[in-house]
Structures are given as C-alpha cells and as structure tokens.
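Structural overview
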Amino acid sequence: MVQSEDIIDEPIILTIAILGGTGNQGPGLALRWANAGYRIIIGSRQEKRAQATADELNEKLGSTFIRGMRNEDAAKNANICVLTVVATAHQEVLENLKDALQGKILIDVTAKVVFPNADVPSPPSAARVAQNILGDGVRVVAAFQNVPSHMLALDLDEPLDLDVLVFAENAETANEAMMLSDAGGMNAYYAGGLDKAIVVEGITAVLVELNRRYGSKDGAIKITGIEK
Ligand SMILES: NC(=O)c1ccc[n+]([C@@H]2O[C@H](COP(=O)([O-])OP(=O)(O)OC[C@H]3O[C@@H](n4cnc5c(N)ncnc54)[C@H](OP(=O)(O)O)[C@@H]3O)[C@@H](O)[C@H]2O)c1
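Just so you know, these numbers come straight off a predicted model, no measurement behind them. (Residues numbered from 1 in each chain as written. Predicted model: local features only at pLDDT ≥ 70, side-chain atom pairs only at ≥ 80, totals over all residues. Heavy atoms only, no water.)

**Things to note about the packing of helix 5 (residues 90-101) against helix 6 (residues 126-134)**
In helix packing, the relevant descriptors are the interaxial angle and the interaxial distance, both defined with respect to the helix axes. The contact between helix 5 and helix 6 brings their axes to 9 Å, and the two run at 45°. Relative to helix 6, the element helix 5 is oriented oblique. Judged by the twist between their axes, the crossing of helix 5 over helix 6 is right-handed. Counted together, His-90, Gln-91, Leu-94, Glu-95, Lys-98 and Leu-101 of helix 5 and Ala-126, Val-129, Ala-130, Ile-133 and Leu-134 of helix 6 form the full contact between these two elements. Split into classes, the residues belonging to the contact of helix 5 with helix 6 amount to seven nonpolar, two polar and two charged. (Axes fitted to C-alpha atoms, helices over the stretch in contact; angles between N-to-C directions. Helix = DSSP H or I, 4+ residues; strand = E, 2+ residues; numbered from the N terminus. Parallel < 35°, antiparallel > 145°, perpendicular 65-115°, else oblique. Left-handed = near helix turned anticlockwise from the far one by under 90°. Contact = heavy atoms within 4.5 Å. Nonpolar A, V, L, I, M, F, W, Y, C, P; charged D, E, K, R; others polar.)

Right under this line is the structure:
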C-alpha cells in the first residue's frame, strides 16, 4: 500500500487525470496507478461527485493523495489525461476540453459500443475522432478498451491475466501508455496507428457477446507468438 508520505520526496511523480473517472472503468485504473505511486485526479462534470469517488478510492488504498476536480481542472492539473467517459458523450466532452488538453497526452479508453445491442462500431476509431477534434497540440493514444472494469479493482498488487493493445501515431507516444500499463500490472503491445484502434473497439463488442453467452464478466484478450 502506498501512503502519500511515501511518495512526497520522489523527484518526478506524474499526475494522471482520469476524465469521467466516476464510472465503471475510471476508478479501477485510478486504483492501480495510485497503488503504483502516481498522483491521481478523478475528473467529473461535478466537482462533488469527483471528490466523492476520490474519497472512496483513498479509503480503499489508505491514502490521501487522490483528488477530485471538474474535468477541465483535472485536465489542466495533470501531465497525462485518460478519457473514460461513457461512449455516447465522447465527442461532446472532447470539444469542451479541447483547450484544457493542449500540450498533454490523452489516453482514450473509449470503445464506441452502445448498450444494449453492443453492435460492432464502424471506423473511424474513437481515438482518431479525438485526434481530429483536439488537433496536433495533443498526443492521442488508444489503450485499455479490452480491460474489464471489474478485474481492475481485484488484487492490486497482482498482474492481470490479459494483454493491452496500444495505438498511437509514433512509438514514443505509445510508450507513455505502455509504461502506465506496466505500472498497473498489465502487459502491453504497441499495435499500430490510431486508425487500427477500431479493431479493439470491435473486440470489446465481441467480448460483451462472449461474456453474455458464457456467463462471465472477465472476457479479455491475450496475444500469443510474439516475443517482446
Ligand atoms: N466498463 C468497462 O468494463 C469498460 C471496459 C473497457 C472500456 N470501457 C470504455 O470506457 C469508457 C467508460 O466506460 P464506463 O463503463 O466507465 O462508463 P460509465 O460508467 O457509463 O460512465 C463513465 C462516466 O461518464 C460520465 N458521463 C456520463 N454521461 C456524460 C455526459 N453526457 N457528458 C459527460 N460525461 C458523462 C459520468 O461522469 P460524471 O457524471 O461524473 O461526469 C460517468 O461516471 C467507455 O468508452 C467504455 O467503452 C469500459
């Protein structure tokens, strides 16, 4: 367990803002990264709601260094932003946060899979849409679309039995998400540019179907035959 006093003297501690971090996916990612020593800001449309989630997560970790803010303030105060808003709000949220995100890395977790049908989404990928809205001043990465929220909050010190595919326009940008993936106990591969990320959004739709069919919540993916 990491206490706030344990990390206060570290020379460089990245702050990660999780925008829309009050739902299913955001809190699990927050717990894993906070447990690895990152500073976390939970973002929400409402500051009170963000702070309530931050308080819950701090209580789980026995820490005090997860904060809650409005999405815009969270983005401004972070080095890396992670987008976990509900898929139907993706575009609107990005348009509202365009200024606050300039100069940052944005890891987009969105899979445009809309319930209850969970149909396979069509291109462009959510990450490509994000890059188009935000412009060249933001480096967009797609990652974590195939990580079930329920698994993230399980034993935080244990690696997860799944792989993460990371998409970005260059390896340096992808590396930022790969590092966070490693820190959260997830094995990641750099799988190509932002347009290819539509494939993992489609896999999310397939995992939803598999989970329904086989009565699971834990469907995920693993890559074989590739040595890193
Ligand atoms: N759940 C999973 O297992 C999972 C797995 C992989 C990928 N994903 C992807 O991760 C993303 C988030 O999934 P989720 O299950 O965490 O979603 P969620 O719980 O339904 O919603 C996440 C947050 O989105 C915000 N939100 C809702 N409506 C909004 C609106 N109109 N405008 C702005 N913000 C709004 C809410 O935050 P506030 O009300 O606090 O603003 C909410 O807490 C999705 O794109 C999903 O495809 C999810």
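The structure having been displayed, the exposition proceeds.
**So, the site of the ligand**
Near the ligand there are 22 residues, and of these Thr-22, Gln-25, Ser-44, Arg-45 and Arg-49 occur at the shortest range. Contacts to the ligand include Thr-22, whose side-chain N or O atom sits 2.6 Å from an oxygen atom. In this structure, Ala-111 approaches the ligand through a main-chain N or O atom, which is 2.9 Å from an oxygen atom. Here the ligand loses 79% of its free accessible area of 890 Å² to cover by the protein chains. When the residues that make up the shell around the ligand are grouped by side-chain class, the tally is ten nonpolar, ten polar and two charged. (Near = heavy atom within 4 Å. Polar contact = N/O pair within 3.5 Å; in protein donor to acceptor, adjacent residues only side chain to side chain. Areas by Shrake-Rupley, 256 points an atom, 1.4 Å probe, with all protein chains shown as cover.)

**Digging into the side chain of Asn-58**
Position of Asn-58 among the secondary structure elements: in helix 3 (residues 47-61). Classification of Asn-58 by relative accessible area gives buried; the value is 8%. Here Ser-63 takes part through its side chain, which lies 2.8 Å from a polar atom of the side chain of Asn-58. When near neighbours in sequence (up to four residues on either side) are disregarded, Asn-58 contacts Ser-63, Thr-64, Phe-65 and Ile-66. (Buried < 20%, exposed > 50% of the residue type's maximum accessible area, 1.4 Å probe, protein only.)

**Topic: the confidence of the model for the chain**
The predicted model of the chain has a mean per-residue pLDDT of 94, with 95% of residues at 70 or higher. With pLDDT under 50 throughout, residues 7-11 is counted as low confidence; its partners more than four residues away or in other chains account for six contacts. (pLDDT = per-residue confidence, 0-100.)

**Remarks on the pattern of salt bridges**
Under the criterion given, the structure shown has seven salt bridges. Notably, a salt bridge pairs Glu-72 with Lys-76, separated by 3.4 Å at the nearest N-O pair. Separated by four residues within a single helix, Glu-72 and Lys-76 lie in helix 4 (residues 71-76), roughly one turn from each other. A relative accessible area of 29% means that Glu-72 is categorised as partly exposed. For Lys-76, a relative accessible area of 48% puts it in the partly exposed group. With its nearest N and O atoms 2.8 Å apart, the salt bridge here joins Asp-195 to Arg-128. (Salt bridge = Lys/Arg side-chain N within 4 Å of Asp/Glu carboxyl O.)

**Remarks on the packing of helix 2 (residues 25-35) against helix 3**
Put simply, helix 2 and helix 3 touch, their axes get as near as 11 Å, and they point 45° apart. In terms of their interaxial angle, helix 2 and helix 3 are classed as oblique. In terms of crossing hand, the pair formed by helix 2 and helix 3 is right-handed. Of the residues in helix 3, those touching helix 2 at Pro-27, Ala-30, Leu-31, Ala-34 and Asn-35 are Thr-53, Leu-57, Lys-60 and Leu-61. A per-class count over the contact of helix 2 with helix 3 returns six nonpolar, two polar and one charged.

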